[in-house]
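Chain by chain, the residues run as shown.
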Amino acid sequence: MVQYFQDIYSAVSSALVGMTITIKHIWKKPVTLQFPDERQVMPQRFRGFVHNDTTKCDACNICAKLCPVDCIYIETEGKGKDRYMTRYAIDYNKCIWCSLCTENCHTGSITMSHDYDHAVYDRRSLVYEFMDPTEGKVPCHRATRIELGWWVEPKEDKSDGDKGAES
Amino acid sequence: MGGMSDQGLHVTGAALMATLMFTVMALCAIVFTWMERKVAGFIQSRYGPMYTGRWQGWAQAVADMLKILGKEDIIPAQADKGLFVFAPILVLLGSLLAWAAIPWSPGFIAADLDLGLFYIFAVSSMVVIGILMAGWASNNKWALYGAARGAAQMVSYEIPLALATIPVILNVGSLNTQDIVIAQQGGMFNWFVFHDPFLFIAFWMYFIASIAETNRGPFDMPETESELVAGYHTEYTGMRFAFFFLAEYANLFLVAIIASVVFLGGWWAPIPGLDFAPALTLVIKGVLLVFLNMWVRWTLPRVRVDQLMHLCWKVMIPVTLLCIVGSGLWMILSGELG
């Protein structure tokens, strides 16, 4: 009989404890990130899509040669001072995000961006062209950068490089 | 309306009231599905629906309803066709009929019955038959399990549900729903919840029984999606499923409204003198109780079948009987009987 009343008491009290916990969560800010509208701030050294700033690139071909999976395609025309870059493309189907290209780029044009949504409908659309093919021959050192829709400027991370992961 | 006979007026009024109640039911389903998803979301530190309809995803339920109406209507080949078609209508009818005796504001009631409260409990037990019918007609083991559980649970919990209202009926001396509300006039301390400690317990007994009666968590045994797929409405699609859905949320609001009428002063505002919008007051009380119901659902884990029956027969029925005796004694001792 004592057990019976103890059971009722523990049922009521534990239910009330649970209810107070859940009601507190109603006033808390949701942890959800509304993905396409809001994006996670990635840590500073996060390896997203590789980006090449063609205004800096001098088509030295080091990145293409270093690439262990040969996913960078550089085409040039001319020789010496008349050398032009006609194509700079990266095939992200092959890319392994090893960052060898960015570490050895002497102009600093090729960088790891913070863009992480890699999903596409067609694998051909994972081959990114950095030169506008309609513009034709552009001098290597003055090539115009194409404003690609998918490119997101990495956000300024005020915290120390590696601590960015916690934010 | 000089040209219309009394009977004609009566029929027109009844048809109008029925249409209005059906609209209220449909609105219930739409508003409360949205509300349920938002409450569940916030309790779990999420947002819930956010995109449909811009502001807080308010149109999500409307979109869901439109989608559900466009679905294919499937009747399983081995199902009992007649019962299968009739069951959702019966479930919907059971909850629609009960709306007739709800007093929304002074004089605004579809059917002012002398046995109003009794009538509500009587017609809402039709839902049990509908559920059992749906489970049997589906010819599916999960549906049958769900229906059997539903019938056992709802028949059991109807007893404490009705017993919990008896102390109020003792106090009022009438089963008429309008009389019950009028007896609670004059501020929130005249409401029956705060009348005496036994009525306070009776209110919570009613509330717990009403959760079980509407088959919602933590007593959602008939629909346990982890073990019974969807319970008695496993085989239902499209419009017929929508009927069950509509009935579930209409019942949810119905039990909340009955609780407000019987225990929380019906259309009377908490402070006397603020009674300028009686129907709105009643609806607000109902919505708050529905919120409480949702809060319970998204907090407590589902109980076992034997625990469910234990709670009903060994705890709630003795406690409600005690409340009846206690409340009666209170009436004698406080000299209310005169």
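Cut-offs used in this document
- Residues numbered from 1 in each chain as written.
- Chains lettered and ligands numbered in written order.
- Predicted model: local features only at pLDDT ≥ 70, side-chain atom pairs only at ≥ 80, totals over all residues.
- Helix = DSSP H or I, 4+ residues; strand = E, 2+ residues; numbered from the N terminus.
- Buried ≥ 20, exposed ≤ 12 C-beta atoms within 10 Å, placed from the backbone.
- Contact = placed C-beta atoms within 7 Å.
- Pairing = 2+ DSSP bridges.
- Nonpolar A, V, L, I, M, F, W, Y, C, P; charged D, E, K, R; others polar.
- Domains from an automatic or database assignment.
- Core = buried A, V, L, I, M, F, W, Y, C linked by C-beta atoms within 7 Å.
- Expected span 1.5 Å × (residues − 1).
- Axes fitted to C-alpha atoms, helices over the stretch in contact; angles between N-to-C directions.
- Parallel < 35°, antiparallel > 145°, perpendicular 65-115°, else oblique.
- pLDDT = per-residue confidence, 0-100.
- Arc of directions from axis to C-beta.

Considering the overall build of chain A
1) Next: Scanning chain A from N- to C-terminus turns up three helices and six strands.
2) Next: Ordered by position from the N terminus, the helices and strands of chain A form the series α-β-α-β-β-α-β-β-β.
3) Next: Considering chain A as a whole, with its 167 residues, one finds that 16% of them fall into the buried category.
4) Next: Contacts in chain A between residues at least 24 apart in sequence constitute 75% of all its contacts with a sequence separation of at least 6.

Focus on the pairing of strand β3 (residues 84-91) of chain A
Residue and element names in this part refer to chain A.
1) Next: Bridge analysis of strand β2 (residues 72-77) against β3 gives six bridges, and the strand direction is antiparallel. Each bridged residue has a counterpart across the sheet, and for Ile72 the counterpart in β3 is Ile90.
2) Next: Judged from the three bridges that link them, β3 and strand β5 (residues 127-129) form a sheet pairing that is antiparallel. Note that in β5 the partner of Ala89 across the bridge is Glu129.

Considerations on the interface of chain B and chain A
By a frequent convention, interface size equals the accessible area lost on bringing the separate parts together.
1) Next: Contacts between chain B and chain A engage 12 residues on the former and 13 residues on the latter.
2) Next: For the side of chain B that touches chain A, the per-class residue count stands at eight nonpolar, three polar and one charged.

Comments concerning the domain arrangement of chain B
Residues and elements named next belong to chain B.
1) Next: As far as domains go, chain B holds domain 1 (22-70) and domain 2 (77-333).
2) Next: On a C-alpha basis, the centres of domain 1 and domain 2 stand 22 Å from each other.
3) Next: With 15 residues of domain 1 at the contact, the number on the domain 2 side is 17 residues.
4) Next: Sorting the residues of the side of domain 1 that touches domain 2 by element identifies α1 (6-43) and α2 (60-69) as the ones contributing at least two each.
5) Next: The leading source of residues in the side of domain 1 that touches domain 2 is α1, at 12 residues.
6) Next: Tallied by class, the residues present in the side of domain 1 that touches domain 2 amount to 13 nonpolar, one polar and one charged.

Things to note about the nonpolar core
If you look at soluble globular proteins, the nonpolar side chains tend to sit buried side by side.
1) Next: With 92 residues, the main nonpolar core has Phe253 and Phe263 of chain B as its most contacted residues.
2) Next: For this core, the element with the most residues is helix α10 (residues 238-262) of chain B, which contributes 17 residues.
3) Next: Taken together, domain 1 (22-70) and domain 2 (77-333) of chain B each give at least three residues to this core, which thus spans both.
4) Next: Val50, Ile90, Ile110 and Phe130 of chain A belong to the second largest nonpolar core, which has 18 residues in total.

With respect to helix α1 (residues 2-27) of chain A
1) Next: Under the 1.5 Å per step criterion, the end-to-end length of α1 of chain A is 39 Å for 26 residues, consistent within 8% with the ideal 38 Å.
2) Next: α1 of chain A sits mainly on the outside: zero of its 26 residues count as buried.

Quick notes on the environment of Glu77 of chain A
Residue and element names in this part refer to chain A.
1) Next: Assignment of secondary structure puts Glu77 in strand β2.
2) Next: Judged by local crowding, Glu77 falls into the exposed class, with 12 C-beta atoms found within 10 Å.
3) Next: When the C-alpha positions of Glu77 and Arg87 are compared, they lie 9.7 Å apart, and in sequence the two are 10 residues distant.

Section: the packing of helix α6 (residues 141-172) of chain B against helix α12 (residues 305-333) of chain B
How two helices sit against one another is set out by the angle between their axes and by the gap between those axes.
1) Next: For the pair α6 of chain B and α12 of chain B, the least separation of the axes is 9 Å and the interaxial angle reads 10 degrees. As summarised for this structure, α6 of chain B and α12 of chain B are arranged roughly parallel, according to the angle between their axes.

Considering unusual backbone geometry
Residues and elements named next belong to chain B.
1) Next: Backbone geometry at Ser45 places phi at a positive 55 degrees, although glycine is not the residue there.
2) Next: Taking the number of C-beta atoms within 10 Å as the measure of exposure, Ser45 has 13 and is therefore partly exposed.
3) Next: With a phi angle near 60 degrees, Asn215 is a residue other than glycine that sits in the positive phi range.
4) Next: Positionally, Asn215 belongs in the loop between α8 (197-213) and α9 (225-228).

Brief notes about the confidence of the model for chain A
All names here are of chain A.
1) Next: Residues of chain A with pLDDT of at least 70 account for 78%, and the chain-wide mean is 74.
2) Next: In the model, residues 136-154 has pLDDT below 50 throughout and makes 36 contacts with residues more than four positions away in sequence or in other chains.
3) Next: Low confidence marks residues 161-167, where pLDDT is under 50. Its contacts with residues over four positions away, or in another chain, come to 13 contacts.

Considering helix α4 (residues 116-124) of chain B
All names here are of chain B.
1) Next: Here α4 has its buried residues at Gly116, Leu117, Ile120 and Ser124. Taken end-on, α4 shows its buried residues confined to a sector of 105 degrees, consistent with a single buried face.
2) Next: In this structure, the buried side of α4 is in contact with α3 (81-98), α5 (126-137), α6, α7 (177-182) and α10.

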